[in-house]
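Remarks on the overall topology
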Amino acid sequence: MSLFQEIAAGAATESPLWASSLRPEDERDAVAVFSPLVEHRRFALGVETIYEGYLLHYGRSRLFAPPDDDVALLLGDALLAHGLVRISETGSVVAVADLAALLSLCAQARADDRDGDGAAWAATSALLGQGGLDDARAALRDERDAAPLERLARAAAGDATVDAALAAHGARLRASSRSIV
C-alpha cells in the first residue's frame, strides 16, 4: 500500500465524514512532497500525513475535498495528530519535537502572512530526528530569514530534491487561498 493509500484508508476507517471527504481515486494527487527529503524512511508516512493535514489548513489537499472549512479544519487536525502518532511510534522523541517545532513555526509564519514555511518543511524533513535546526528556526521566527533553513535542507538532501519539494509545496499553497486556522 502506498503512503497515500495508507493515509486515505486510515482516515476513511476512522470516520465516515473523512471517508466522504476523500476525492475519487482518479482525482487524487499522490505526489510525495517532503518525504523524498527524509533520510530515514520510517518517518515518510508520518511526514506526508502531517503535511496533508497542513494542506487542509493552508492549501489544497492532495487526497481530500471537504465540503466546508469546518470539516477541513477538523480533518486537518486529525491528520496532524495521526502523523505525530506515526512518528512517535518510531521511538524518536527528537523527531516528534522537530515536527512540533515545525508546526509551531509554520503556524506563526502563516499567521504573520509571511513566507518561509517551505524551507522549514524542507529542513525539518531532511534532518528529521537529527537535531541541529534551532538556530535556523530562530532566524525564520525572529528575523524572517528562511535562508539558513533552506541551506540546511540543500546540504542534507541536495538541490534537485529540495527544488522539487519547494516547487510542489508552492503550487499547493498557491492553488488555494485557504487559511482556516
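Residues numbered from 1 in each chain as written. Predicted model: local features only at pLDDT ≥ 70, side-chain atom pairs only at ≥ 80, totals over all residues. Heavy atoms only, no water.

Observations concerning the nonpolar core
For clarity, the threshold we go by: We define a nonpolar core as any set of buried Ala, Val, Leu, Ile, Met, Phe, Trp, Tyr and Cys residues linked to one another through side-chain atoms lying within 4.5 Å. Burial classes follow relative accessibility: with a 1.4 Å probe on protein chains only, a residue under 20% of its type's maximum area counts as buried, one over 50% as exposed, and anything between as partly exposed. Secondary structure elements follow DSSP: runs of H or I no shorter than four residues count as helices, runs of E no shorter than two count as strands, and numbering proceeds from the N terminus. Any two residues having at least one pair of non-hydrogen atoms within 4.5 Å are treated as being in contact.
One finds Phe-34, Trp-121 and Leu-149 to be the most contacted residues of the largest nonpolar core, which totals 36 residues. Looking at this core, the elements that each hand over two or more residues are helix 3 (44–58), helix 4 (69–88), helix 5 (93–111), helix 6 (117–126), helix 7 (134–143), helix 8 (147–157) and helix 9 (159–174). Apart from the residues lying within four places of it in its own chain, the contact partners of Leu-149 are Leu-105, Ala-119, Ala-120, Ala-123, Leu-133, Ala-136, Arg-137 and Leu-140. Counting residues in each nonpolar core, the second largest holds 15 residues, with Leu-45, Leu-63, Leu-75 and Ala-78 among its members.

Here's the deal with helix 1 (residues 3–14)
Spelled out, the test is: To estimate how far a helix should extend, the number of its residues minus one is multiplied by 1.5 Å. When we speak of the arc, we mean the arc of directions from the helix axis to the C-beta atoms.
Taking 1.5 Å of rise per residue, the 12 residues of helix 1 would be expected to cover 16 Å, and the 17 Å separating its terminal C-alpha atoms lies within 8% of that figure. Of the positions making up helix 1, those classed as buried are Phe-4, Ile-7, Ala-8 and Ala-11. For helix 1, the angular spread of the buried residues around the axis is 90°, confining them to a single face. Tucked inside the fold, the buried residues of helix 1 contact helix 2 (16–21), helix 3 and helix 4.

Focus: the layout of surface pockets
What counts here: Here a cavity means grid points, on a 1 Å grid over the protein atoms only, where a 1.4 Å probe fits yet cannot get out; a pocket means an open set of points with protein on both sides within 12 Å along at least five of seven lines; lining residues are those with an atom within 4 Å of a point. Grid points are joined across faces, edges and corners, and a volume is the space filled by probe spheres set on the points.
One number sums up the size of the largest pocket: a volume of about 210 Å³. Lining the largest pocket, in full, are Arg-110, Asp-115, Gly-116, Asp-117, Gly-118, Ala-119, Leu-166, His-169, Gly-170, Leu-173 and Arg-174. Contributions of two or more residues to the lining of the largest pocket are made by helix 6 and helix 9. The element best represented in the lining of the largest pocket is helix 9, accounting for 5 residues.

Here's the deal with the side chain of Glu-48
The cut-off we apply is this: In protein, a polar contact means a hydrogen-donor-capable atom and an acceptor-capable atom, both N or O and within 3.5 Å, with residues adjacent in sequence counting only if both atoms are side-chain atoms; elsewhere, any N or O pair within 3.5 Å suffices.
Among the secondary structure elements, Glu-48 is positioned in helix 3. By relative accessible area, Glu-48 is classed as buried at 0%. Within polar-contact distance, the side chain of Glu-48 engages the backbone nitrogen of Val-33 at 3.1 Å. In this structure, Glu-48 is in contact with Leu-3, Phe-4, Ile-7, Ala-32, Val-33, Phe-34, Ser-35, Pro-36 and Arg-62, ignoring residues within four places of it in sequence.

Considerations on the packing of helix 5 against helix 6
So the rule is basically this: Where helices are involved, their axes are fitted lines through C-alpha atoms of the stretch in contact, as for all axes, and angles between N-to-C directions lie from 0 to 180°. Note that the term roughly parallel is reserved for angles under 35 degrees, roughly antiparallel for angles over 145, roughly perpendicular for angles of 65 to 115, and oblique for everything else. Amino acids outside the nonpolar list (Ala, Val, Leu, Ile, Met, Phe, Trp, Tyr, Cys, Pro) and the charged list (Asp, Glu, Lys, Arg) are all regarded as polar, and Gly is one of them.
Where helix 5 meets helix 6, the closest approach of the two axes is 9 Å, and the angle between their N-to-C directions is 175°. Between helix 5 and helix 6, the angle falls in the class roughly antiparallel. When helix 5 is examined against helix 6, the residues Asp-98, Leu-99, Leu-102, Leu-103, Leu-105, Cys-106 and Arg-110 are found in contact with a partner set consisting of Asp-117, Ala-120, Trp-121 and Thr-124. In terms of residue class, the contact of helix 5 with helix 6 is made up of 7 nonpolar, 1 polar and 3 charged.

Re the environment of Ala-120
Looking at where Ala-120 falls in the secondary structure, it is placed in helix 6. The spacing of Ala-120 and Leu-63 is 57 residues in sequence and 23 Å in space, taken between C-alpha atoms. Look past the residues within four positions of Ala-120 in its chain and what remains in contact with it is Leu-102, Leu-105, Cys-106, Leu-140 and Leu-149.

A look at the side chain of Ser-92
Mapped onto the elements, Ser-92 comes out in the loop between helix 4 and helix 5. Given the relative accessible area of 12%, Ser-92 is considered buried. Not counting the four nearest positions on each side in its chain, Ser-92 is found in contact with Arg-42, Phe-43, Ile-87 and Gly-129.

Topic: the packing of helix 8 against helix 9
Relative orientation and spacing of two packed helices are given, respectively, by the angle between their axes and the distance between those axes. Where helix 8 meets helix 9, the closest approach of the two axes is 7 Å, and the angle between their N-to-C directions is 130°. Classified by the angle their axes make, helix 8 and helix 9 are oblique. For the pair helix 8 and helix 9, the contacting residues are Glu-150, Ala-153, Arg-154 and Ala-157 in the first and Asp-159, Thr-161, Val-162, Asp-163 and Leu-166 in the second. Split into classes, the residues belonging to the contact of helix 8 with helix 9 amount to 4 nonpolar, 1 polar and 4 charged.

Geometric values such as these leave the question of function open.
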